[in-house]
2 protein chains.
Amino acid sequence: MLNEMGKAAKAASWQLSTLSTAQKNRALMLMADMLEANSQSIILANELDMAAARESGMSEALLDRLLLTPARLSAIASDVRDVCRLSDPVGQVIDGSQQDSGLRLERRRVPLGVIGVIYEARPNVTIDVASLCLKTGNAVILRGGKETHHTNQATVNVIQMALEECGLPKAAVQAIESPDRALVAELLRLDKYVDMLIPRGGAALHKLCREQSTIPVITGGIGVCHTFVDESVDFDKALTVLESAKVQRPSACNSLETVLVHQAIAARFLPELSDKMHRAGVTLHASESAMPYLQNGPAKVLAVTEEDYSDEWLSLDLNVTVVDDLDAAVAHIRTYGTEHSDAILTRSISSADRFVREVDSSAVYVNASTRFTDGGQFGLGAEVAVSTQKLHARGPMGLEALTTYKWIGYGDDLVRP
Amino acid sequence: MLNEMGKAAKAASWQLSTLSTAQKNRALMLMADMLEANSQSIILANELDMAAARESGMSEALLDRLLLTPARLSAIASDVRDVCRLSDPVGQVIDGSQQDSGLRLERRRVPLGVIGVIYEARPNVTIDVASLCLKTGNAVILRGGKETHHTNQATVNVIQMALEECGLPKAAVQAIESPDRALVAELLRLDKYVDMLIPRGGAALHKLCREQSTIPVITGGIGVCHTFVDESVDFDKALTVLESAKVQRPSACNSLETVLVHQAIAARFLPELSDKMHRAGVTLHASESAMPYLQNGPAKVLAVTEEDYSDEWLSLDLNVTVVDDLDAAVAHIRTYGTEHSDAILTRSISSADRFVREVDSSAVYVNASTRFTDGGQFGLGAEVAVSTQKLHARGPMGLEALTTYKWIGYGDDLVRP
């Protein structure tokens, strides 16, 4: 079955790749309109998913993530209209040259072809991903979580109606509807048709994809983020950055896990950190080196473990340790980091430069919160995923990351010398 | 054991990533000098490999590929000096922006880290790859064929001597010396330390890597290349391009496999093709549609098979078929091509434009030979590999393909709004 879907997606991708930006935008506008016009069918389907989820004992937080309301659907439709306004990377000439041989060469951006996306219980991802793929002329095969089965099916139906109304192939956006998990394994090996795989989920999903997929995978999304507080900081400002990086949205991958404090200021800085974090409701996890300065502070403090250092918190918890110097901070980040987002707070230009050069993360910050790692904050307009691997795309991935390029060589009946 | 090599390579990569271009060039120059100064040890080792290869009954062509002479070694050393002259992509700022939030953002090229290269019996690849990786600040783990075991070992010894003399870590260039094949499987799963894997070999090696590797792999090098002869061509010029594409170097991946001839000119063009190819010593493999026009020609002609269409020839053989129109040519290329290099010969602007848009290959040519797909011909200075996948790098890969980028965000104690 997946083979047929793949074949249809590849054929659709050929048609999509020749569309003009205006044609793609017309389809996106129609898709947005039809999502609103057919909101009732989508919301009815969502009610089925909600009922099943309640019955299965899903937590309130997850239930809320699953819920679609007319207002939420309108907001999603408006996001689709926003995608129309983004500039289309397809067709862009990246560079070109005139070779001595007479060959005129250019490198032009083209769609990737067929993109596979595996994701969890977020009904908005279906529309989100479909619109970004359509904008870049890619076909997409979606595999959502079983919790959103009915919602996704209804959503994809509406998307396909819009595609057909524009004379575009339905197979441009397909969803794997059966909850059979064997189909995921099959999708991971569909390299004949699928050009790129984006898993959007937890560490286990990324690991599965990395180990089993024969298709190039974009892995990422796991952020064990650090901030090194150098000896030369302004305490108040540093505390404000740390607080924001930790508490603004603890469940985000770019929120802070570990603060590394220069030993020269530890005795003065850590009590203030305890104070600040106490007021923010944050539990501290202190190393032996940090504990003496924290144990009498107001914030709750526990002894840090190796697991604390290695895992994302996604909660109001923060590791704190004291390091001898910048070298020790960098060494800690190399050992425990996930190459997502790491920051230094310092007034020293040479410390800043060294940190930027030596910390090999997707995003490295000087005197800024790790929370900035985001397609919107980076001005990319939309975010497909956050990559923590190094090939193809790194950090927040915008529309450009959904494209590749081809070399085009022009001659006048030219042979290689 | 590989784990230790990986760990050492990663540590070396951190040191390499902070080197200036001048420091890297100094190491490359010394490496070239020492390869010449120590040519005797390398050539003695090569004689051991040659003797073993002769004993195993290796063909003369392969023996010649394996052979190192003082002259060949000097040529290789001179290639290393050429790498010094290439511009260093590391440190380049790709783009940057000032966000409304106050964040100053830049995207800067950095080395990938550790690169794994698996290759066959070509002793020059060892030095080639080592010099390109060093130039881009990457550490490399090499796994050569067992036929070049002694040569590679002697070469890597000299390279490591040069590295040490410059104060650089030996682990920047390491070779897996044991011929144990289990080590390849182990290397393919060393994702903790290795950032990119480049297989340089046949289809079987690429398949193995795609299926078993947990490290991102660059696959490529397999070229089933087509040229579509449209109805509007100048016969003489078209025949010249086709002959060159086929016979200039039949063993190269960018040489021609299949000629697709527009039906409107088949009756006149194909007899001339037979004539031209006969003089070039090429055997034709004709479809039913082409056979009537070829069977009385001078060139040897056989009936084409499905395998002929799907496999690289690497020899003086050429498939010939007649197609109804451009659509049929594109459909054939989509069915049998490997997205390597495909060309159209035409005087029609609209045919050229459609071919360029609809044929999704790494390199698409208008009125030029497929043989141009090459790092040197594209002005890249050096070629690491030719990628036929779509992620990260497509077509000939130059130094840039050995880099990634990091986002660097500067603020003044900035928090996300």
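Conventions and cut-offs
- The numbering scheme is per chain: residues are counted from 1 as the chain's sequence reads.
- Each chain takes a letter, starting from A, and each ligand takes a number, starting from 1, following the order in which they are written.
- The model is predicted, so local features are restricted to residues of pLDDT at least 70 and side-chain atom pairs to those at 80 or more, both for listing and for counting; the totals for chains, interfaces and linings are taken over all residues.
- Each side-chain value is derived from all of the structure's non-hydrogen atoms; neither hydrogens nor water enter the calculation.
- Think of it this way: any DSSP run of H or I at least four residues long counts as a helix, any run of E at least two long counts as a strand, and we number them from the N terminus.
- Between the two quantities, the radius of gyration covers C-alpha atoms and the globule rule is 2.2 Å times the number of residues to the power 0.38.
- In this scheme, a residue with accessible area under 20% of its type's maximum is buried, one over 50% is exposed, and one in between is partly exposed, where area comes from a 1.4 Å probe on protein chains only.
- Throughout, a residue-residue contact means that at least one pair of heavy atoms, one from each residue, lies within 4.5 Å.
- Where accessible areas are quoted, they stem from the Shrake-Rupley method and a 1.4 Å probe; at the residue level, only the protein chains shown are allowed to cover.
- Only four residue types enter the charge count, namely Lys and Arg as positive and Asp and Glu as negative; His and the chain termini do not.
- Note on charges: their place is set at NZ of Lys, CZ of Arg, CG of Asp or CD of Glu.
- Between the first and last residue of a helix there are one fewer steps than residues, each counted as 1.5 Å, and that sum is the expected span.
- Across the chain, bend at a residue is computed as the angle between axes fitted to the seven residues ending at that point and the seven starting from it.
- Buried area: the accessible surface (1.4 Å probe) lost by two parts on joining, summed over both.
- Salt bridges are counted wherever a side-chain nitrogen of Lys or Arg sits within 4 Å of a carboxyl oxygen of Asp or Glu.
- In protein, a polar contact requires one atom able to donate a hydrogen and another able to accept it; more generally it is a pair of N or O atoms within 3.5 Å, and residues adjacent in sequence count only if both atoms are side-chain atoms.
- Asp, Glu, Lys and Arg are counted as charged, while Ala, Val, Leu, Ile, Met, Phe, Trp, Tyr, Cys and Pro are counted as nonpolar; the rest, among them Gly, fall into the polar class.
- UniProt positions are given in the numbering used here, feature names are shortened, and annotations may be inferred rather than shown by experiment.
- Pairing between strands is defined by DSSP: at least two bridges between the two strands are required.
- Note on definitions: angles span 0 to 180 degrees between N-to-C directions of axes, and those axes are lines fitted to C-alpha atoms, for helices only across the stretch in contact.
- Aromatic rings from Phe, Tyr and Trp, with only the six-membered ring used for Trp, were paired whenever their centres fell within 6.5 Å, and each pair was classed as stacked if the ring planes differed by under 30 degrees, edge-to-face if by over 60, and tilted otherwise.
- Lysine NZ or arginine CZ positioned within 6 Å of the ring centre and within 35 degrees of the ring normal marks a charge as sitting over the ring.
- Should an angle fall under 35 degrees it is taken as roughly parallel, and over 145 as roughly antiparallel, whereas 65 to 115 is taken as roughly perpendicular and any remaining angle as oblique.
- In this scheme the handedness of a crossing depends on how the near helix is turned from the far one: anticlockwise by less than a right angle means left-handed, clockwise means right-handed.

**Observations concerning the overall build of chain A**
Of the regular secondary structure elements, chain A holds 15 helices and 16 strands. By the compact-globule yardstick of 22 Å for 417 residues, chain A fits well, its C-alpha radius of gyration being 24 Å. Dimensions of chain A, computed from C-alpha atoms along their principal axes, come out at roughly 70 × 70 × 35 Å. Taken over 417 residues, chain A has a buried fraction of 59%. Within chain A, contacts between residues at least 6 apart in sequence are counted, and of these 72% link residues at least 24 apart. In the form shown here, chain A has an accessible surface area of approximately 15800 Å², with 49% of it arising from carbon and sulfur atoms. Computed over 40 positive and 53 negative side-chain charges, the separation of the two mean positions in chain A equals 4 Å.

**Considerations on helix H11 (residues 263–279) of chain B**
All names here are of chain B. Its 17 residues place the ends of H11 24 Å apart at the C-alpha level, agreeing with the 24 Å of an ideal helix rising 1.5 Å per residue. Where H11 bends most, at Phe269, the angle is about 45°, and the proline Pro271 comes one to four residues later. Taken as a whole, H11 has its buried residues at Ile265, Ala266, Phe269, Leu270, Leu273, Ser274, Lys276 and Met277. Trailing H11 by a residue or two, Gly281 shows a phi angle of about 75°, which is positive.

**Overview of unusual backbone geometry**
In this structure, Leu314 of chain A is a non-glycine residue whose phi angle is positive, near 55°. Its location among the elements puts Leu314 of chain A in the loop between helix H13 (306–310) and strand S11 (317–323). You will see that Glu339 of chain B, though not glycine, has its phi angle at about 55°, which is positive. Structurally, Glu339 of chain B is set in the loop between helix H14 (326–336) and strand S12 (341–345).

**Details of the environment of Ala8 of chain A**
Residue and element names in this part refer to chain A. Within the secondary structure, Ala8 is located in helix H1 (residues 2–17). Spatially, the C-alpha atoms of Ala8 and Gly145 are 22 Å apart, while their sequence positions differ by 137 residues. Contact partners of Ala8, with chain neighbours within four places excluded, come to Ala171 and Gln174.

**Section: the interface of chain A and chain B**
One frequent convention defines the size of an interface as the accessible area lost when the parts assemble. The interface is formed by 76 residues belonging to chain A together with 76 residues belonging to chain B. In this assembly, chain A packs against chain B so that about 6500 Å² is buried in total across both faces, 51% of it on carbon and sulfur atoms. Together, Trp407, Asp413 and Arg416 of chain A form the three largest contributors to the area buried by chain A at its contact with chain B, with a combined 14%. Asp374 of chain B is the partner of Arg416 of chain A in a salt bridge, and the nearest nitrogen-oxygen pair spans 3.8 Å. Linking chain A with chain B are 43 residue pairs in polar contact (both at pLDDT 80 or more). If you list the elements that add at least two residues to the side of chain A that touches chain B, you get H1, strand S2 (104–111), helix H9 (203–212), helix H10 (235–247), helix H15 (349–358), strand S13 (363–368), strand S15 (395–397) and strand S16 (403–414) of chain A. Sorting elements by how many residues they give to the side of chain A that touches chain B places S16 of chain A first, with eleven residues. For the side of chain A that touches chain B, the residue count by class is 30 nonpolar, 23 polar and 23 charged.

**Quick word on the pattern of salt bridges**
In total, this model carries 46 salt bridges over all chains according to the counting rule given. Note that Arg85 of chain A is salt-bridged to Asp82 of chain A, the shortest N-O span being 2.5 Å. Taken together, the residues Arg85 of chain A and Asp82 of chain A, both in helix H5 (residues 70–85) and three residues apart, mark about one turn of the helix. On the basis of relative accessibility, which here comes to 35%, the residue Asp82 of chain A falls in the partly exposed class. Overlapping salt bridges, with partners in common, bring together Lys10 and Asp195 of chain A together with Glu339, Asp360, Lys390 and Arg394 of chain B in one network.

**Some points on the UniProt feature "domain: Aldehyde dehydrogenase" (unreviewed entry) in chain A**
When the UniProt feature table is mapped onto this chain, "domain: Aldehyde dehydrogenase" (unreviewed entry) is found at residues 5–280 of chain A. Taken end to end, residues 5–280 of chain A is 53% helix and 16% strand, and its first and last C-alpha atoms sit 50 Å apart.

**Side note on the sheet that holds strand S6 (residues 196–200) of chain A**
Residues and elements named next belong to chain A. With respect to topology, four strands assemble into an open sheet ordered S5-S4-S3-S6, the strand pairing being parallel. Across the chains shown, the open sheet's two edge strands, defined by having one partner strand only, are strand S5 (173–175) and S6. Across the sheet, the axes of successive neighbouring strands diverge by a mean angle of 20°, strand direction being ignored. Pairing geometry for strand S3 (residues 114–119) and strand S4 (residues 139–143), over five bridges, is parallel. Looking at the pairing, Ile118 lines up with Arg143 of S4. Of the strands in this sheet, S3, S4 and S5 touch H1, which is tilted by about 145° from S4. With respect to the sheet, H9 is in contact with S3 and S6, its orientation differing from that of S6 by roughly 160°.

**Quick word on H15 of chain A**
Restricting attention to buried positions, one finds in H15 of chain A the residues Ser351, Ala352, Phe355, Val356 and Glu358 of chain A. Where the residues of H15 of chain A are buried, they touch strand S7 (225–229), helix H14 (326–336), strand S12 (341–345) and S13 of chain A together with strand S2 (104–111) and strand S16 (403–414) of chain B.

**Digging into the sheet that holds strand S10 (residues 301–303) of chain B**
Pairing in this open sheet of ten strands is mixed, and the strands run S1(A)-S2(A)-S16(A)-S13(B)-S12(B)-S7(B)-S8(B)-S11(B)-S9(B)-S10(B) from one edge to the other. Only two strands of the sheet have a single neighbouring strand rather than two, namely strand S1 (93–98) of chain A together with S10 of chain B. Here the average twist between neighbouring strands, direction ignored, is 25°. Relative to S16 of chain A, S2 of chain A is paired through eight bridges, and the arrangement is antiparallel.

**Observations regarding the packing of aromatic side chains**
Two aromatic rings, taken as a pair, are described by how far apart their centres are and by the angle between their planes. A complete count under the given rule lists ten aromatic pairs over all chains for this structure. Their ring planes at 85° and their centres at 5.0 Å tell us that Phe235 of chain A and Phe269 of chain A sit as a pair that is edge-to-face. Here Phe235 of chain A, found in helix H10, pairs with Phe269 of chain A, found in helix H11 (residues 263–279); they are 34 residues apart in sequence, far enough to count as distant. On the basis of relative accessible area, Phe269 of chain A is assigned to the buried category, the value being 0%. An angle of 45° between the planes, with centres 4.8 Å apart, marks the rings of Trp407 of chain A and Phe378 of chain B as tilted. Taken together, the residues span two chains, with Trp407 of chain A in strand S16 and Phe378 of chain B in the loop between strand S13 (363–368) and strand S14 (385–387). Judged by relative accessible area, Trp407 of chain A falls into the buried class, the value being 6%. The aromatic ring of Tyr405 of chain B is capped on one face by Arg107 of chain B, whose charged end is 4.6 Å from the ring centroid.

**Here we look at the pairing of S16 of chain A**
For S16 of chain A, a buried count of eleven out of twelve residues is recorded, marking the element as mostly surrounded by other parts of the structure. Pairing of S16 of chain A with S13 of chain B, which is carried by five bridges, proceeds in the parallel orientation. Pairing of Tyr410 of chain A across the sheet is with Val366 of chain B, part of S13 of chain B.

**Quick word on the packing of helix H6 (residues 123–135) of chain A against helix H7 (residues 149–165) of chain A**
Residues and elements named next belong to chain A. Contact pair H6 / H7: the axes reach a minimum separation of 9 Å and the direction vectors enclose 25°. Between H6 and H7, the crossing angle belongs to the class labelled roughly parallel. The way H6 lies across H7 gives a crossing that is right-handed. Where H6 abuts H7, its residues Pro123, Thr126, Ile127, Ala130 and Leu134 lie against Thr151, Asn152, Thr155, Val156, Ile159 and Leu163. Of the residues contributing to the contact of H6 with H7, the split by class is seven nonpolar, four polar and no charged.

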